[in-house]
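Given next are the chains, with one letter for each unit.
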Amino acid sequence: MKFFFAPVQGHTDAAYRHFHAKEYASTGVVYTTPFIRLEKGEIRKKDLRDALSPLNVGHDVVPQVIFRNAEELDALVELLYAEGVRRIDINMGCPFPLQTARGRGAATVGNPACASAVRDIVESRQDITFSVKMRLGFREEEWEPLLSVLNTVRLDHLCVHPRTASDQYSGQLHMQAFDAIYARSENPVVYNGDILLPSDALAIMTRYPDLHGIMVGRGALGRPSLLEEIATGKELEASERKRRMLDFHRELLEYYRSSLIGGDHQVLSKISPFWEYAEPEIGRKAWKELKKASTMAKYQTALAMITT
Ligand SMILES: Cc1cc2nc3c(=O)[nH]c(=O)nc-3n(C[C@H](O)[C@H](O)[C@H](O)COP(=O)(O)O)c2cc1C
């Protein structure tokens, strides 16, 4: 069983991944970068810096691309290949309207030309290991023709978040659709969605014994030890979890303070999202104060409210 930290724009940047891997090193987690896209025929500089950051050394990081047609996919793969990248994850699931309106992300699921583009690139670039991260499409049945095409090529894995684009990130998971993909995929399947506790992961691993892996996003942002706890089968005490989360946070904060040139305001805007999903871990009072802290002094006072 493999464990994956899901890409989450605005959270899992190179520094976050680096210090997470350092604190929770025993897990052997695979990290995926937030999606990389083309802008005027070039990879956005910020995306490239993140994908090629020296902070990526020492743990597994797979760059993810988002595309809308064969030209974009080919260009992204070529540009990354030229930079030495040999593992690429293909985003076929992003539900953000800014992306889907342009035919990217979840909009590629029901588009046969996008399915062919993926098939062609995987077939023609055997020197690159590809994976696909998908959701069900705009409607629930859209994944079926895509799966038939993906079954004709060799992927490292197919990661499935069993929701439609209009579900965004909440509401009932479509587990029947996941059952069908799990049964019919010729590629190894990774499950992704709503794993918040070690017991959630255990339930999935029990229900799907042949699963290749589990990917966790928001659950691991709110409880960064979660993947370690799942991998080792050992749940940590709340005080231990908070102590280690604070260690991880301290290193990340120090890094932002030493590397960002925009002062406290910029540091706060980078570090505040760290707590976005952590209310159940740290309690409502500290969580609310951290969220609204407008100065570093107020932020430090709020941090001290987290009791271990
Ligand atoms: C704010 C936000 C940003 C995200 N950015 C990406 C992204 O760049 N690429 C991607 O494949 N998925 C992205 N996702 C989706 C997550 O990787 C994951 O599939 C989703 O949150 C469901 O898993 P979870 O329930 O474990 O969080 C994002 C999700 C959120 C909430």
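Above: the structure in question.
A brief structural summary. (Residues numbered from 1 in each chain as written. Predicted model: local features only at pLDDT ≥ 70, side-chain atom pairs only at ≥ 80, totals over all residues. Heavy atoms only, no water.)

## Regarding the overall build of the protein chain
Right, so step 1: Scanning the protein chain for helices and strands turns up 15 helices and eleven strands.
Right, so step 2: Against the 2.2 N^0.38 benchmark of 19 Å for 308 residues, the protein chain shows a C-alpha radius of gyration of 19 Å, consistent with a compact globule.
Right, so step 3: Taken over the C-alpha atoms alone, the protein chain extends approximately 55 × 45 × 35 Å along its principal axes.
Right, so step 4: The buried share of the protein chain, reckoned over its 308 residues, is 54%.
Right, so step 5: Restricting to contacts in the protein chain with at least 6 residues of sequence separation, those with at least 24 account for 72%.
Right, so step 6: Accessible area of the protein chain: about 14,000 Å², with a carbon and sulfur share of 52%.
Right, so step 7: Each charge class in the protein chain can be summarised by its mean position, and for the 39 positive and 40 negative side chains these summaries are 6 Å apart. (Helix = DSSP H or I, 4+ residues; strand = E, 2+ residues; numbered from the N terminus. Rg over C-alpha atoms; globule rule 2.2 N^0.38 Å. Buried < 20%, exposed > 50% of the residue type's maximum accessible area, 1.4 Å probe, protein only. Contact = heavy atoms within 4.5 Å. Areas by Shrake-Rupley, 256 points an atom, 1.4 Å probe, with all protein chains shown as cover. Lys, Arg positive; Asp, Glu negative; His and termini not counted. Charge placed at Lys NZ, Arg CZ, Asp CG, Glu CD.)

## Some thoughts on the packing of helix α11 (residues 238-259) against helix α15 (residues 296-303)
Axis angle and axis distance: for two packed helices, these are the angle between their axes and the distance between the axes, and together they describe the pair.
Right, so step 1: Relative orientation of the contacting elements α11 and α15 amounts to 170 degrees, with a least axis distance of 13 Å. Accordingly, the angle class assigned to the pair α11 and α15 is roughly antiparallel. In this structure, α11 contributes L246, H249, L253 and R257 to the contact, and α15 contributes M296, Y299, Q300 and L303.
Right, so step 2: Considering only residue class, the contact of α11 with α15 consists of five nonpolar, two polar and one charged. (Axes fitted to C-alpha atoms, helices over the stretch in contact; angles between N-to-C directions. Parallel < 35°, antiparallel > 145°, perpendicular 65-115°, else oblique. Nonpolar A, V, L, I, M, F, W, Y, C, P; charged D, E, K, R; others polar.)

## Describing the packing of aromatic side chains
Right, so step 1: Taken as a whole and assessed by the stated rule, the structure comprises 14 aromatic pairs.
Right, so step 2: A centroid spacing of 6.0 Å and a plane angle of 50 degrees characterise the contact between Y16 and F274, whose relative ring orientation is tilted. Here Y16 is found in helix α1 (residues 14-23), whereas its partner F274 is found in the loop between α12 (263-271) and α13 (279-282), with 258 residues between them in sequence. For the pair Y16 and F274, one class covers both residues: buried.
Right, so step 3: A centroid spacing of 5.8 Å and a plane angle of 50 degrees characterise the contact between F19 and Y255, whose relative ring orientation is tilted. With F19 in helix α1 and Y255 in helix α11, this pair connects stretches of sequence that are 236 residues apart.
Right, so step 4: Overall, the relative accessible area of 8% leaves F19 in the buried class. (Phe/Tyr/Trp six-rings, centres within 6.5 Å; stacked < 30°, edge-to-face > 60°.)

## Thoughts on the site of the ligand
Right, so step 1: Around the ligand sit 19 residues in total, of which P7, Q64, N192, D194 and R218 are the nearest.
Right, so step 2: A distance of 2.7 Å separates an oxygen atom of the ligand from a polar side-chain atom of R218.
Right, so step 3: Protein burial of the ligand: of its 610 Å² of free accessible surface, 92% is covered by the chains.
Right, so step 4: In the shell around the ligand, the residues fall into nine nonpolar, seven polar and three charged. (Near = heavy atom within 4 Å. Polar contact = N/O pair within 3.5 Å; in protein donor to acceptor, adjacent residues only side chain to side chain.)

## A few points about the side chain of E72
Right, so step 1: Along the chain, E72 falls in helix α3 (residues 70-82).
Right, so step 2: Relative accessible area serves as the criterion here: at 9%, E72 is assigned to the buried category.
Right, so step 3: Among the polar contacts listed, one links the side chain of E72 to the side chain of R104, at a separation of 2.9 Å.

## Here's the deal with the pairing of strand β10 (residues 189-192)
Right, so step 1: Across the two faces of β10 the burial is the same, with V189 and Y191 and V190 and N192 all buried.
Right, so step 2: Where strand β9 (residues 158-164) and β10 come together, three bridges link them in parallel fashion. Bridging across to β10, C159 finds its partner in V190.
Right, so step 3: Crossover connection from β9 via helix α7 (residues 175-184) to parallel β10: handedness right-handed.
Right, so step 4: Sheet analysis places β10 next to strand β11 (residues 213-216), joined by three bridges and oriented parallel. Bridged to Y191 within β11 is I214. (Pairing = 2+ DSSP bridges. Right-handed = clockwise from strand over helix to strand, strands pointing away.)

## Thoughts on helix α6 (residues 143-150)
Right, so step 1: Of the residues making up α6, those classed as buried are W143, L146, L147, V149 and L150. When α6 is viewed along its axis, its buried side chains cluster within an angular range of 160 degrees and face the same direction.
Right, so step 2: Buried positions along α6 lie against β7 (87-92), α5 (112-124), β8 (129-137), β9 and α7. (Arc of directions from axis to C-beta.)

## So, the nonpolar core
Right, so step 1: In terms of nonpolar packing, the biggest core is built from 90 residues, with I90, M92, W275 and Y299 touching the most fellow members.
Right, so step 2: Here the element with the most residues in this core is α5; it accounts for six residues.
Right, so step 3: In terms of domain composition, this core takes at least three residues from each of domain 1 (2-232) and domain 2 (238-303).
Right, so step 4: Counting residues in hydrophobic clusters, the runner-up holds seven residues, among them V30, V62, C159 and V190. (Core = buried A, V, L, I, M, F, W, Y, C linked by side-chain atoms within 4.5 Å. Domains from an automatic or database assignment.)

## With respect to the sheet that holds strand β2 (residues 30-32)
Right, so step 1: Reading across from one edge, β5-β2-β1-β11-β10-β9-β8-β7-β6 is the order of the nine strands in this open sheet, with parallel pairing throughout. If you trace the sheet from one side to the other, it starts and ends with β5 (60-62) and β6 (64-66), each paired once. Across the sheet, the mean angle from the axis of one strand to that of its neighbour is 25 degrees, orientation sign disregarded.
Right, so step 2: Both β2 and β5 contribute to a ladder of three bridges, which runs parallel. Its bridge partner lying in β5, T32 is registered against V62.
Right, so step 3: Taken strand by strand, α7 contacts β8, β9 and β10, and its axis lies near 165 degrees from that of β10.

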